[in-house]
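Commentary on secondary and tertiary structure
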Amino acid sequence: MSTTSSAQQWSEHYTSGRGITPLSATETDIVRDRLAPDPAAEEPRALDICCGTGELARLLAGLGYRVDAVDYAQGAIDRAAAEPGPDVAYHRVDVTTGDLGALAPADGFDLITVRRSLAHLGDRTRIVAEFAGLLRPGGTLCVITPHAERFPAGLRGICLDEAELALLTAGWEHAERVEAGDCTVVLLRGPGASAVVHQEKRRPTAAAMAGVAVVVSDPRGRVLLGWNPSRNVWELPAGKVEPGEAFEGTAVRELAEETGLRAAAEDVVLLGTLCDDTHGMARITEVARLTRYDGTPQPQQDEQVTRWEWHALNALRTLPQPLFTASAQALNTVWPGLLPGLPPAHFTPRPTPAGADRVRFGEPASAVRLREQLVEELTEHGWTGTPELRAAFRAVPRHAFLPEQPVERAYANQAVATVTADDGTSLSSVSQPEMQAVMLDHGRLREGNHVLEIGGGGCNAALMAELVGPTGTVTCIEFDPYVHRRTVRFLQETGYADRVRVVHGDGVHGAPEHLVPPGGFDAILVTVAAMDVPPTWTAQLAEGGRLVLPLRLGGYTRCVVFEKRGPLLSSSHVSPCGFVSMQGIGHWDNTPLPVGQSGYAIRWEDTPPAPVDALEQALAGDPVELWTGVTLAGGESYETLQLWLAVALPGFCRLTGDRDKGPVLLPKNQDAAALVSGDSLGCLTLRRTGHDAEGGVSRWEFGAQGFGPQAQELAESVADAVHTWDRAFRHGPAPMLIALPASMRAAHPPTRYFIDKPHRRIGLHFTGAAS
């Protein structure tokens, strides 16, 4: 049940002419004095939760707010809408299950009010956190609640006591209380975002060291936690194993004894065993997963847990109260990476969780809306070229592969890092939806296809599974053990475990032979940046099949779509992209080589490194500057120029450094294309030549700088290359690529320019370039 009474009961309450206690004069004065909108605000927005007959909503509207008011009782909405007064937009929404985000303005509400209703809501911690997420920075959450000390015991269910008020205010930067007769008014601002604390309880007895933790989630994908005030922690339903009792039986028994929920042992999925230590003792915890049950969670052992609440996964990282360490470890077993910074624990997974198909995936109401918005955005920009691809994006719950992220962040058209290095560099991510759509579209995945993915995470594999259908196969190779574990778990949680074969291994080796279909894979999609095209990939690709990969060319990453034609791969699409680097055998060192103490460094990738010692002196001298007259607008792409310079300039490299220090006019936020010849260096530069204030667009001019004895010659080489690009193929398509085995040294007509890799010669043909 959503609240202590049903929507129908409350609706009948209002249609019969009854209501709730009217606003007192003190409450009205508090609202007028403390919650009036900023006079400078253009259109202040307020949301009134559980509005009843709309008295508070109309008061806020009279103060100048644009007010949305919600209640889950239709009788209340009808009564409120019929009342005279300022305009208020009324909506029937159950705040415990509905999508309040659909009502929120882009920058959030200035004020959210909850009057005489918070005590009726079972999951107060989660719900208050969701309200906080709807506030703009500096916005206020106002809770008006009857206080338990001012009401008889029989009315305790409509009140909050001091302990519950303390839970309500925990984690906020500013919490103010004002007493209003039998009610307390709480004004909350600045929801905190500090990391959740994990702590132990008192020293357990030896008999309690082997137990089962039950991870239960509801149809909205929220997890059940109980508040234990005597130990000051949130915890999962859990308990010790009785002699002769199976783990499944323990899970079902403890769940019933602690929460009142009833479940069947055959619906319990055991994921594996955690082993850690507490108070100098070994602790063994079997992790049980459960989504099928009957009943409503209620405290059964008041001396231990006084309330059970459903919590959103992404909110657990900033839970204002401590989380029991063993429960946090169990949650991280189900959703790896959900909670960072946990004490170490050893986990032994079960090889294939029995009954994984009995886990029912749940999601918040907002996920469906946000998924549809994402599909509309991708379609509007032409990135989803087929109905099947649009259907796949509508079907796959992207947020389930990013449980630690707010659902709005998961559905933004952005890549989301899931593993980062100490310096903040992304090591693994869920790819940007736009790029996923482009790669899947060019992969031309169809019903019954067999596809190999190099790189894990699960989300992209699930999209592939939707496209190839039940008669096709998806095989995913992931190098990182942690990412592999996330991939396996999230595919299990979302129901794709039997549709995607996940292998822990180095993607350079391709798929294990027994998983390669006869004739090879119809498509291979690589979701990590690759320096080369290993022979295994082409060997495992069917004739006419498509290899879609982010390929490094001269230090620039391009999404390339190759089609296999005998020993050759020829491109049908090339576009700029950004991906995390491949790990394992295919990893490369991108560390720049410092040029003495000059503050500059050089990156070499596809060109053999040259000595740089003499360049420090060259960079200390005055440069030669040549300006080409070739301009472009801010935001205009010049990716074909980058590839052209990579093959047209002998000794090509990339120069990096601080744009604001030293003589080199480096492009903003990127390396400069450069070439080295002995003791001299030339590089590409940019300068702003104008700015259209009305249109907000700047104009930039390409130039060249030369340093050292050959400064003039090298600057002219760079400038000439820019002129050739501008004259011959600036407005043409991206170059066509041909990948030949490294042993085929002869040029392949009509290709003239090559980048040599260990396994492949990559030929680049620029349309319109001089032959």
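All of these numbers come straight from a predicted model, not from anything done at the bench.

**Thoughts on the overall build of the chain**
Check the secondary structure of the chain and you find 18 helices and 36 strands. Its C-alpha atoms give the chain principal-axis dimensions of about 90 × 70 × 50 Å. Burial status across the chain gives 54% buried among its 771 residues. In the chain, the share of contacts with a sequence separation of at least 24, taken over all contacts with a separation of at least 6, comes to 64%. Carbon together with sulfur atoms contributes 51% to the accessible area of the chain, which is approximately 32,200 Å² in total.

**Digging into the pairing of strand β13 (residues 269-278)**
The element β13 is extensively covered by neighbouring structure, given that seven of its ten residues are classed as buried. Here β13 pairs with strand β14 (residues 281-290) via nine bridges, running antiparallel. For glycine 272, the partnering residue across the bridge sits in β14 and is valine 287. Where β13 folds back on β14, the antiparallel hairpin that results is connected by two residues, among which histidine 279 adopts a positive phi of roughly 55°.

**Examining the sheet that holds strand β23 (residues 521-526)**
As summarised here, the arrangement of the ten strands in space is β22-β21-β20-β23-β24-β25-β26-β34-β36-β35, forming an open sheet in which the pairing is mixed. One side of each edge strand has no neighbouring strand; the edge strands of this open sheet are β22 (500-504) and β35 (753-756). If you compare each strand with its neighbour and ignore which way they point, the axes differ by 20° on average. The pairing of strand β20 (residues 450-454) with β23 spans four bridges and is classified as parallel. Following the sheet pairing, leucine 452 is matched in β23 by isoleucine 524.

**Let's talk about the packing of aromatic side chains**
According to the stated counting rule, one finds twelve aromatic pairs in the structure shown. Aromatic side chains tyrosine 753 and phenylalanine 766 sit 6.3 Å apart centroid to centroid with 80° between the ring planes, which places their arrangement in the edge-to-face category. With tyrosine 753 in strand β35 and phenylalanine 766 in the segment after β36 (760-765), the pair connects residues that are 13 residues apart, well separated along the chain. Note on accessibility: tyrosine 753 and phenylalanine 766 belong to one class, buried. Each member of the aromatic cluster is reached from another via a ring pair, and the members are Trp644, Phe729, Tyr753 and Phe766.

**As for the sheet that holds strand β6 (residues 172-180)**
If you walk across this open sheet you meet the seven strands as β3-β2-β1-β4-β5-β7-β6, and the pairing is mixed. Both outer strands of the open sheet, β3 (89-92) and β6, are each paired with one neighbouring strand and no more. Across the sheet, the mean angle separating the axes of adjacent strands is 15° when strand polarity is ignored. Both strand β4 (residues 109-115) and strand β5 (residues 135-146) contribute to a ladder of six bridges, which runs parallel. Pairing of threonine 113 across the sheet is with cysteine 142, part of β5. Sheet strands touched by helix α5 (residues 124-133): β1 (45-49), β4, β5, β6 and β7 (183-191). Its angle to β5, the strand with the most contacts, is close to 145°.

**Brief notes about the nonpolar core**
Among the nonpolar cores identified, the biggest contains 75 residues, and Val215, Leu323, Leu331, Trp335 and Leu339 are the most heavily contacted of them. Beyond its immediate sequence surroundings of up to four residues, tryptophan 335 is in contact with Val215, Val223, Arg289, Leu313, Pro403, Phe490 and Glu493. If you look at the next biggest cluster of nonpolar residues, it comprises 59 residues, including Ala530, Ala704, Phe729 and Ile762.

**What about empty space enclosed by the protein?**
Evaluation of the coordinates by the stated rule reveals eight cavities of 30 Å³ or more. Quantified by volume, the largest cavity comes out at close to 310 Å³. Around the largest cavity sit 28 residues that line it, and Gly455, Gly456, Glu478, Thr527 and Val528 are the ones nearest its centre. Among the secondary structure elements, those contributing two or more residues to the lining of the largest cavity are β19 (426-430), β20, α13 (459-468) and β21 (473-478). Per-element accounting of the lining of the largest cavity gives the leading share, four residues, to β19. Of the residues assigned to the lining of the largest cavity, the class counts are eleven nonpolar, 14 polar and three charged.

**Here we look at the side chain of histidine 399**
If you trace the backbone, histidine 399 turns up in the loop between α10 (387-395) and α11 (407-410). Apart from residues lying up to four places away in sequence, histidine 399 is in contact with Phe361, Glu363, Pro364, Ala367, Arg371, Val407, Ala410 and Tyr411.

**Considering the pairing of β1**
With five of five residues buried, β1 lies mostly within the body of the structure. Residues Arg45, Leu47 and Ile49 line one face of β1 and the alternating positions Ala46 and Asp48 line the opposite face, and both faces are buried. Bridging between β1 and strand β2 (residues 66-71) involves five bridges; their strand directions are parallel. Of the residues in β2, the one forming a bridge with leucine 47 is aspartate 68. Handedness of the β-α-β unit built from β1, helix α3 (residues 55-63) and β2 comes out right-handed.

**Let's talk about the packing of helix α2 (residues 25-34) against α3**
If you want to describe how two helices pack, look at the angle between their axes and the distance between the axes. Contact geometry of α2 with α3 gives a least axis separation of 11 Å together with a crossing angle of 35°. The interaxial crossing formed by α2 with α3 has right-handed handedness. Where α2 approaches α3, its residues Thr28, Val31 and Arg32 are matched on the opposing element by Leu56, Leu59, Leu60 and Leu63.

**Focus: the packing of helix α17 (residues 639-648) against helix α18 (residues 711-728)**
At their nearest, the axes of α17 and α18 sit 10 Å apart, and the two run at 130° to each other. Judged by the inter-axis angle, α17 sits oblique to α18. Considering how the two elements wind past one another, α17 and α18 form a crossing that is right-handed. Each of Thr640, Leu641, Trp644 and Leu645 in α17 lies in contact with α18, whose residues at this interface are Ala721, Val722, Thr724 and Trp725. Here the residues of the contact of α17 with α18 are counted per class, giving six nonpolar, two polar and no charged.

**As for the pattern of salt bridges**
Per the counting criterion, the structure on display carries 37 salt bridges. Linking glutamate 176 and arginine 34 is a salt bridge whose minimum nitrogen-to-oxygen distance equals 2.2 Å. Of this pair, glutamate 176 sits in strand β6 while arginine 34 sits in helix α2; the two residues are 142 residues apart in sequence, bridging distant segments of the chain. For glutamate 176, a relative accessible area of 29% translates into the label partly exposed. On the basis of relative accessibility, which here comes to 39%, the residue arginine 34 falls in the partly exposed class. In this structure, the salt-bridge partner of arginine 654 is glutamate 605, at a minimum N-O distance of 3.2 Å. With a gap of 49 residues between them, arginine 654 in strand β30 (residues 652-656) and glutamate 605 in the loop between β28 (601-603) and α16 (615-620) connect regions that are remote in the sequence. Owing to a relative accessible area of 8%, arginine 654 belongs among the buried residues under this scheme.

**Brief notes about the environment of alanine 251**
Structurally, alanine 251 can be placed in helix α7 (residues 247-259). Between the C-alpha atom of alanine 251 and that of histidine 311, which follows or precedes it by 60 residues, the distance is 20 Å. Ignoring sequence-local partners within four residues, the contact set of alanine 251 consists of Val212, Val214, Val268 and Ala288.

Criteria and cut-off values
Residues numbered from 1 in each chain as written. Predicted model: local features only at pLDDT ≥ 70, side-chain atom pairs only at ≥ 80, totals over all residues. Heavy atoms only, no water. Helix = DSSP H or I, 4+ residues; strand = E, 2+ residues; numbered from the N terminus. Buried < 20%, exposed > 50% of the residue type's maximum accessible area, 1.4 Å probe, protein only. Contact = heavy atoms within 4.5 Å. Areas by Shrake-Rupley, 256 points an atom, 1.4 Å probe, with all protein chains shown as cover. Pairing = 2+ DSSP bridges. Axes fitted to C-alpha atoms, helices over the stretch in contact; angles between N-to-C directions. Phe/Tyr/Trp six-rings, centres within 6.5 Å; stacked < 30°, edge-to-face > 60°. Core = buried A, V, L, I, M, F, W, Y, C linked by side-chain atoms within 4.5 Å. 1 Å grid on protein atoms, 1.4 Å probe; cavity = no way out; pocket = protein on both sides within 12 Å on 5 of 7 lines; lining within 4 Å. Points joined across faces, edges and corners; volume = space filled by probe spheres on them. Nonpolar A, V, L, I, M, F, W, Y, C, P; charged D, E, K, R; others polar. Right-handed = clockwise from strand over helix to strand, strands pointing away. Left-handed = near helix turned anticlockwise from the far one by under 90°. Parallel < 35°, antiparallel > 145°, perpendicular 65-115°, else oblique. Salt bridge = Lys/Arg side-chain N within 4 Å of Asp/Glu carboxyl O.

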